[in-house]
Amino acid sequence: MIDLRSDTVTQPSPRMRRAMAEAEVGDDVYGEDPTVNRLQGLAAERLGFEEALFFPSGTMANQVALLLHLRRGQEVLAPEGAHLYEYELGAPAALAGALVRPYPAPRGRPDLKALRALFHEGPHQAPIGLITVENTHNLAGGRVVEEGITRGVLEFAREKGLPTHLDGARLFNAAIALNTEPSRLARGFTTAMFSLSKGLGAPVGSLLLFPKAMAKEARRYRKLLGGGMRQVGVLAAAGLVALEEGPSLLPQDHARAKALAEGLRKLGLEPEEVETNMVYLPHPHPEALAQALKAQGVLVGVLKGRLRLVTHRDLEDSAIERTLAAFRWVLENPSGQFRTKGG
């Protein structure tokens, strides 16, 4: 079975498994797990922050960031389609007591003019307490946000005296696509998050990055949400390997995604533009098409009327060829259900 549902489906590499088995551990709730401490130190150094904290998930890390920044009843401005709005189960309201107001972000890229127009400071509306950016932007098709656009958002936030948070779950993908360092894309944000289990290949884990002054509160909120993980160095060891070797494997993921998109176009389909490791394919019958592909040995995701196909480190070039063969078979099936262009 070829699994293209997400880049979270990867298996730990042999090197990761060895590192996990041999990991030196301690009680991380007391800050005594040496492997976790090494991972946090390396992440902070790589991203240009003073501190980093290891979390079991990106959702928990994002929500702790909101707790650090917001008072109950405030709004957080997030790009339309943002993960923390669409796929974090209403956690901003449930945990931080915050409202999420989406701002225009065509193709995942913040529209600064529209953001300025949407901003309010009147006495009859919820006060705005935080501005966020997502890079890469998942629902926009894994699109990247260029440094120049980010700088505009950060300057606007400083003008308004607001903190900023970067949901950089796939920040390393963005850096590879833009031929830059992830630290440049994270520079200037008050807090930032990136995932080890999306693209980089770790079995679990994300890092939240922040100024030293927030360290005590960040740990307190993590424990409050159930993130006190004790001898978690067995997982952090895999994260260290992912952070060290994962970024170098991302270019091949991007190349395979582009090859997949090009192959789909040759079959008469119309995938959206590919910038990183995601191929989004609009289709009038996405669920039915996904089931037909599953019967041919290919698993794909379905999000908002589109198929989502995500390349990752566990795939080889032959998987792209086999996926295209599965599409071809489905499109040419005598039933004719998917035969015409675009459905």
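In this convention, every chain numbers its residues from 1, walking through the sequence in written order. Thresholds applied to this predicted model are a pLDDT of at least 70 for local features of residues and 80 or more for the giving and counting of side-chain atom pairs; totals over whole chains, interfaces and linings are not thresholded and use all residues. Side-chain descriptors were evaluated using all non-hydrogen atoms of the structure, hydrogens and water having been removed beforehand.

A.B. asks: Explain the pairing of strand E2 (residues 51-55) here, please?
C.D. replies: Regular strands place their side chains on alternate faces of the sheet. Of all 5 residues in E2, 4 are buried; the element is thus mostly enclosed. Strand pairing is assigned whenever DSSP identifies at least 2 bridges connecting the two strands. By definition, any uninterrupted DSSP run of H or I lasting at least four residues is a helix, any uninterrupted run of E lasting at least two residues is a strand, and each is numbered from the N terminus. Two strands pair when backbone bridges link them, and E2 and strand E8 (residues 206-210) are joined in this way by 5 bridges, in the antiparallel orientation. From the neighbouring strand, phenylalanine 54 faces E8, where its bridge partner is leucine 207. Only protein chains enter the accessibility calculation, which uses a 1.4 Å probe; a residue whose area is less than 20% of its type maximum is buried, one above 50% is exposed, and one in between is partly exposed.

A.B. asks: Would you mind going over the pattern of salt bridges with me for this structure?
C.D. replies: By definition here, a salt bridge exists when the distance from a side-chain nitrogen of Lys or Arg to a carboxyl oxygen of Asp or Glu is within 4 Å. Overall, the coordinates contain 21 salt bridges when judged by the stated rule. When the shortest N-O distance is used, the salt bridge between arginine 170 and aspartate 7 registers 2.8 Å. In this pair, arginine 170 sits in the loop between strand E6 (164-167) and helix H8 (171-178) while aspartate 7 sits in the loop between strand E1 (2-3) and helix H1 (14-21), placing the two residues 163 residues apart along the sequence. On the basis of relative accessibility, which here comes to 6%, the residue arginine 170 falls in the buried class. One continuous salt-bridge network, built from bridges that share partners, spans Arg15, Glu244, Glu245 and Arg313.

A.B. asks: Would you explain the sheet that holds strand E12 (residues 306-310) in this entry?
C.D. replies: Taken in spatial order, the 3 strands make up an open sheet running E9-E12-E11, and their pairing is antiparallel. Of all strands in the sheet, those with a lone pairing partner are strand E9 (278-282) and strand E11 (301-303), marking the two edges. Across the sheet, the axes of successive neighbouring strands diverge by a mean angle of 30°, strand direction being ignored. Here 3 bridges tie E11 to E12, and the two strands are oriented antiparallel to one another. Considered in E12, the bridge of leucine 303 is made with arginine 306. Two residues form a contact once any of their heavy atoms are found within 4.5 Å. Lines are fitted to the C-alpha atoms to define the axes, a helix being fitted only along its stretch in contact, and any angle between axes, read from their N-to-C directions, falls within 0 to 180 degrees. In the packing of helix H11 (residues 233-266) onto the sheet, contacts are made with E9 and E12, and the angle to E9 comes to roughly 25°.

A.B. asks: When you look at the side chain of glutamate 134 in this model, what are you seeing that I'm missing?
C.D. replies: On the secondary structure map, glutamate 134 appears in strand E5 (residues 128-134). Neither His nor the chain ends contribute to the count of charged residues, in which Lys and Arg are positive and Asp and Glu negative. The buried charged residue glutamate 134 lacks any salt bridge, with arginine 170 as its nearest oppositely charged partner at 6.4 Å. For the purposes of these results, a polar contact is taken to be a pair of N or O atoms within 3.5 Å, where, inside protein, one atom must be able to donate a hydrogen and its partner to accept one; residues adjacent in sequence count only when each atom of the pair is a side-chain atom. Reaching out from glutamate 134, the side chain makes a polar contact with the backbone nitrogen of histidine 83 at a distance of 2.7 Å. A polar contact is formed between the side chain of glutamate 134 and the backbone nitrogen of asparagine 138, at a distance of 3.0 Å. Beyond its immediate stretch of four places on either side in the chain, glutamate 134 contacts Pro79, Gly81, Ala82, His83, Gly108, Val145 and Asp167.

A.B. asks: Just to check I follow, could you spell out the packing of H11 against helix H13 (residues 317-331) for this structure?
C.D. replies: Pairs of packed helices are described in terms of their axes, by the angle between the two and the distance that separates them. It is at 10 Å that the axes of H11 and H13 come closest, and there the two elements cross at 20°. In terms of orientation, H11 lies roughly parallel with respect to H13. Along this stretch, H11 crosses H13, giving a crossing that reads as right-handed. Listed contacts from H13 to Arg256, Ala259, Leu260, Gly263 and Leu264 of H11 are Asp317, Ile320, Thr323, Leu324 and Phe327. Residue composition of the contact of H11 with H13, by class: 6 nonpolar, 2 polar and 2 charged. Each angle receives one of four descriptions, namely roughly parallel if under 35 degrees, roughly antiparallel if over 145, roughly perpendicular if within 65 to 115, and oblique otherwise. The sense of a crossing depends on the near helix, which, turned anticlockwise from the far helix by less than a right angle, makes the crossing left-handed and, turned clockwise, makes it right-handed. Charged residues are taken to be Asp, Glu, Lys and Arg, nonpolar residues to be Ala, Val, Leu, Ile, Met, Phe, Trp, Tyr, Cys and Pro, and polar residues to be all remaining types, Gly included.

A.B. asks: Teacher, can you tell me more about the sheet that holds strand E7 (residues 191-195) here?
C.D. replies: In a beta sheet, neighbouring strands are held together by backbone hydrogen bonds and run either parallel or antiparallel to one another. One open sheet accounts for 7 strands, arranged E2-E8-E7-E6-E5-E3-E4; its pairing is mixed. At either margin of the open sheet sits one strand with a lone partner, and together these are E2 and strand E4 (99-103). Averaged over all neighbouring strand pairs, the angle between strand axes comes to 20°, with direction disregarded. Where E7 meets E8, 4 bridges bridge the pair, whose relative direction is antiparallel. From the neighbouring strand, alanine 192 faces E8, where its bridge partner is leucine 209.

A.B. asks: Where do I start with the environment of glutamate 51 in this structure?
C.D. replies: Residue placement: glutamate 51 occurs in strand E2. Between the C-alpha atom of glutamate 51 and that of leucine 209, which follows or precedes it by 158 residues, the distance is 5.7 Å. Sequence-distant contacts of glutamate 51, defined by excluding residues within four places in its chain, comprise Ala44, Leu208, Leu209, Phe210, Pro211, Lys212 and Ala215.

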